[in-house]
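If you want the building blocks of each chain, they are given just below.
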Amino acid sequence: MEENGTQKKQRLSTKVRKQMYLEALEKTIVGNEYVIDVGTGSGVLSIAAKHLGAGKVDAYDIDEVAVNSAKKNLALNPIAKDVKVGVNSLLDGIHTQADLIVANILAEIIVPLIPQAYENLKPGGKFLVSGIIDDKAPLIRQKLQEQGFIIDDEQQMKDWHGMIAHKPTEVK
């Protein structure tokens, strides 16, 4: 069965987004961080975080099918055997202090996640977002800054953007 134009474009955009995200993870993880993966999907990015040296990783997705897929993929990767995966809507009901929160999801979903991420990050903690189409990048940039995040880096591949921001160590 041959792909149609829309299917091919979606597959390529997913590949571009994951590549950009992996590059951002490499820049962000130095070792032993507590990472929360929001919208984990297949779990591949949680696995990558563990390979890069993350300590504790919690992964959430609103879709039970995605959570089951992530669990299967994590089971195939011994390095990720301790990743906790669960069904959850963004960070609803999560109250913790992580070093890094990552989300490779669409901008419309990132917007309500921003205040939740800010509350669940340690001072100095980083928020890595990817999956932002060109015309939504200014909105995400604005919302991050309004929340108090400082944007450290922004990447672009084709029509997709990723951003790395951090929560200031001293809140004004």
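This write-up is about the structure you can find in this document. Along each chain, residues carry numbers from 1 onward, in the same order as the chain's sequence is written. A pLDDT threshold of at least 70 governs which residues receive local features in this predicted model, and a stricter bar of 80 or more applies before side-chain atom pairs are shown or counted, although totals over entire chains, interfaces and linings include all residues. Excluding hydrogens and water, the side-chain figures rest on all heavy atoms present in the structure.

### Overview of the overall build of the chain
Okay, step 1: Of regular secondary structure, the chain possesses 5 helices and 7 strands.
Okay, step 2: Exposure is judged per residue with a 1.4 Å probe applied to protein chains only, and the accessible area is read against the type maximum: over 50% gives exposed, under 20% gives buried, and values in between give partly exposed. Of all 172 residues assigned to the chain, the portion counted as buried reaches 47%.
Okay, step 3: Any two residues whose heavy atoms approach within 4.5 Å at even a single point are treated as in contact. Relative to all contacts within the chain whose residues are 6 or more apart in sequence, the contacts with residues 24 or more apart total 66%.
Okay, step 4: By element, 53% of the accessible surface of the chain is carried by carbon and sulfur atoms, the whole surface being about 9,000 Å². Helix numbering and strand numbering both begin at the N terminus, where a helix is a DSSP run of H or I of at least 4 residues and a strand a DSSP run of E of at least 2. Computed with a 1.4 Å probe, the accessible areas rest on the Shrake-Rupley method; for each residue, only the protein chains presented here act as cover.

### Observations regarding the nonpolar core
Okay, step 1: Here, the term nonpolar core denotes a set of buried Ala, Val, Leu, Ile, Met, Phe, Trp, Tyr and Cys residues that are joined through side-chain atoms within 4.5 Å. If you look at the biggest cluster of nonpolar residues, it comprises 27 residues, and the most contacted ones within it are I101, F127 and F149.
Okay, step 2: Sort the elements by how many residues they give to this core and helix α4 (residues 107–120) lands first, with 6 residues.
Okay, step 3: Other than its neighbours up to four places away in sequence, F149 contacts I114, A117, Y118, L121, F127, L144, A165, H166 and K167.
Okay, step 4: Of all hydrophobic cores here, the second largest spans 22 residues; its members include I29, A54, V67 and V102.

### A word on the pattern of salt bridges
If charged atoms from side chains of opposite charge come close, those side chains can pair.
Okay, step 1: Any Lys or Arg side-chain nitrogen located within 4 Å of an Asp or Glu carboxyl oxygen qualifies as a salt bridge. Counted by the stated rule, this structure contains 7 salt bridges.
Okay, step 2: Ionic pairing is found between K143 and E146, a salt bridge with its closest N-O pair at 3.9 Å. Taken together, the positions of K143 and E146, both in helix α5 (residues 137–147) and 3 residues apart, correspond to about one turn of that helix.

### Quick notes on the packing of α4 against α5
Okay, step 1: Where α4 meets α5, the closest approach of the two axes is 10 Å, and the angle between their N-to-C directions is 15 degrees. The pairing of α4 with α5 is recorded here as roughly parallel in orientation. For the crossing formed where α4 meets α5, the hand is right-handed. In this structure, α4 uses A107, I110, V111, I114, P115 and Y118 to contact α5, whose residues at the interface are L139, I140, K143, L144 and Q147.
Okay, step 2: Among the residues making up the contact of α4 with α5, the classes are represented as 9 nonpolar, 1 polar and 1 charged. Under this scheme, a helix contributes an axis fitted over its contacting stretch, all axes are lines through C-alpha atoms, and angles between N-to-C directions fall in the 0 to 180 degree range. Roughly parallel covers angles under 35 degrees, roughly antiparallel covers those over 145, roughly perpendicular covers 65 to 115, and oblique covers all other angles. Note on convention: the crossing is left-handed when the near helix lies turned anticlockwise from the far helix by less than a right angle, right-handed when the turn is clockwise. Think of it as three bins: nonpolar holds Ala, Val, Leu, Ile, Met, Phe, Trp, Tyr, Cys and Pro, charged holds Asp, Glu, Lys and Arg, and polar takes everything else, Gly as well.

### A look at unusual backbone geometry
Okay, step 1: Here L90, not a glycine, exhibits a phi torsion of approximately 50 degrees, which is positive.
Okay, step 2: Mapping L90 onto the fold places it in the loop between β3 (84–87) and β4 (98–104).

### What to know about the sheet that holds β3
Okay, step 1: Criterion used throughout: strands pair if DSSP finds at least two bridges between them. What the 7 strands build is an open sheet, ordered β3-β2-β1-β4-β5-β7-β6; its pairing is mixed. Looking at which strands have only one partner, the edges of the open sheet turn out to be β3 and β6 (150–157). Between one strand axis and the next, the sheet turns through 15 degrees on average, direction left out of account.
Okay, step 2: Across 4 bridges, strand β1 (residues 35–38) lies against β4 in parallel orientation. From the neighbouring strand, V38 faces β4, where its bridge partner is A103.
Okay, step 3: Sheet strands in contact with helix α2 (residues 44–51) are β1, β2 (57–61) and β4, and its direction is about 170 degrees off that of β2.
Okay, step 4: Strands in contact with α5 are β5 (121–133), β6 and β7 (160–166); relative to β7, the strand with the most contacts, it is inclined by about 10 degrees.

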